[in-house]
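What follows is each chain in one-letter form.
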Amino acid sequence: MESGDMGRNKGEEVAEAKDPVADPRYTGGIGILTEEPEEVFGEVCLVCPCPDGSPHNSGALQEAHQYITQDIYGLEVPGTRWETPLKVVENEQAKILWDFQIQTDKMVVANQPDIVVVDKHWKTVVVIDVAIPSDSNIRKKEHEKLEKYQGLKEEMERMWGMKATVVPVVIGTLGAVTHNLSRWLQQIPGTTPEISVQKSAVLGTAKILRRTFRLPGLW
């Protein structure tokens, strides 16, 4: 076999490994053969997009953004939950950044968190980043988020002269959370119920599973 064919076949094998329908643990993309359902569902949700092509965390993320923007600060929000929020909305009290790349004097590991809430009155900045990993990976992902945005936090405090806080909002694909989640949510302006973000994450999982396994339903 020629080297070009070998390279192509290896690439095809990698692509097939990421396709749950081609995974040998499934029968016709529906029957589960070798793993516990919780593990399989988690893996499927990590490699499959939502039916509308949005990231798995988009539901929880947009719900949090809408609550902070509209209910707490009275700023403009999209007419429907399917519309992408504006990159920047601002009034005399606050500025809310959505998926916005923040310029810093020093190079940082990451400078584009999901949501940044700048409260002008209290001189505070809250950096919010949402992740929905497999349930078994929530503690590791929470730690990664804290480490990832530490440099950005320090730069914000130095450049903007405000107290900054990094808030990792991590919910497992099947709704698992760490014991820290309630404490993190309390750092977000207003009151973001833990059950609310869990519900959004699980609904996102349901959409993916129904689409992947071709199950009937409302999603």
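What this report covers is the structure whose coordinates are included nearby. (Residues numbered from 1 in each chain as written. Predicted model: local features only at pLDDT ≥ 70, side-chain atom pairs only at ≥ 80, totals over all residues. Heavy atoms only, no water.)

1. Notes on the overall build of the chain
When helices and strands are counted, the chain shows seven helices and seven strands. The secondary structure elements of the chain, listed N-terminal to C-terminal, are α-β-β-α-α-β-β-β-β-α-α-β-α-α. Within the chain, the fraction of its 219 residues that count as buried is 42%. Of all intrachain contacts in the chain linking residues separated by at least 6 positions in sequence, the fraction that spans at least 24 positions is 55%. Of the accessible surface of the chain, which amounts to about 12,400 Å², a share of 53% is contributed by carbon and sulfur atoms. (Helix = DSSP H or I, 4+ residues; strand = E, 2+ residues; numbered from the N terminus. Buried < 20%, exposed > 50% of the residue type's maximum accessible area, 1.4 Å probe, protein only. Contact = heavy atoms within 4.5 Å. Areas by Shrake-Rupley, 256 points an atom, 1.4 Å probe, with all protein chains shown as cover.)

2. Digging into the sheet that holds strand β6 (residues 124-131)
Read from one edge to the other, the open sheet built from five strands follows the order β3-β4-β5-β6-β7, with strand pairing classed as mixed. For this open sheet the edge positions go to β3 (88-90) and β7 (163-170), each flanked by a neighbour on one side alone. Taking each pair of neighbouring strands and ignoring which way they run, the sheet shows an average axis angle of 15°. Looking at chain direction, β3 and strand β4 (residues 94-98) are connected through three bridges and run antiparallel. (Pairing = 2+ DSSP bridges. Axes fitted to C-alpha atoms, helices over the stretch in contact; angles between N-to-C directions.)

3. Here we look at the packing of aromatic side chains
Tallied over the full model, the rule gives zero aromatic pairs. The cationic tip of R183 hangs over the ring face of W184; the distance from NZ or CZ to the ring centre is 4.6 Å. (Phe/Tyr/Trp six-rings, centres within 6.5 Å; stacked < 30°, edge-to-face > 60°. Lys NZ or Arg CZ within 6 Å of the ring centre and 35° of its normal.)

4. A word on the nonpolar core
I96, V117, I128 and V169 are the most contacted members of the largest nonpolar core, which has 23 residues in total. Where this core is concerned, the elements lending two or more residues are α3 (58-72), β4, β5 (115-119), β6, β7, α6 (181-185) and α7 (194-212). In this structure, V169 is in contact with I128, D129, V130, A131, L181, L185 and I188, ignoring residues within four places of it in sequence. By size, the runner-up hydrophobic cluster in this structure holds 13 residues, among which are L97, V118, Y149 and A164. (Core = buried A, V, L, I, M, F, W, Y, C linked by side-chain atoms within 4.5 Å.)

5. Observations concerning the pattern of salt bridges
If you walk through the whole model with that rule in mind, you get eight salt bridges. Salt-bridge contacts for D99 lead to K87; the nearest nitrogen and oxygen are separated by 3.5 Å. Of the two residues, D99 is situated in the loop between β4 and β5 and K87 in the loop between α3 and β3; the sequence distance between them amounts to 12 residues. Judged by relative accessible area, K87 falls into the partly exposed class, the value being 41%. Residues R158 and E155 are paired through a salt bridge, measuring 3.0 Å at the closest nitrogen-oxygen approach. Placement of both R158 and E155 in helix α5 (residues 150-160) is noted, with a separation of three residues, approximately one turn of the helix. Relative accessible area serves as the criterion here: at 46%, R158 is assigned to the partly exposed category. Overall, the relative accessible area of 5% leaves E155 in the buried class. Through salt bridges that share partners, D105, E155 and R158 make up one connected network. (Salt bridge = Lys/Arg side-chain N within 4 Å of Asp/Glu carboxyl O.)

Keep in mind that these numbers describe shape and distance, not what the molecule does.
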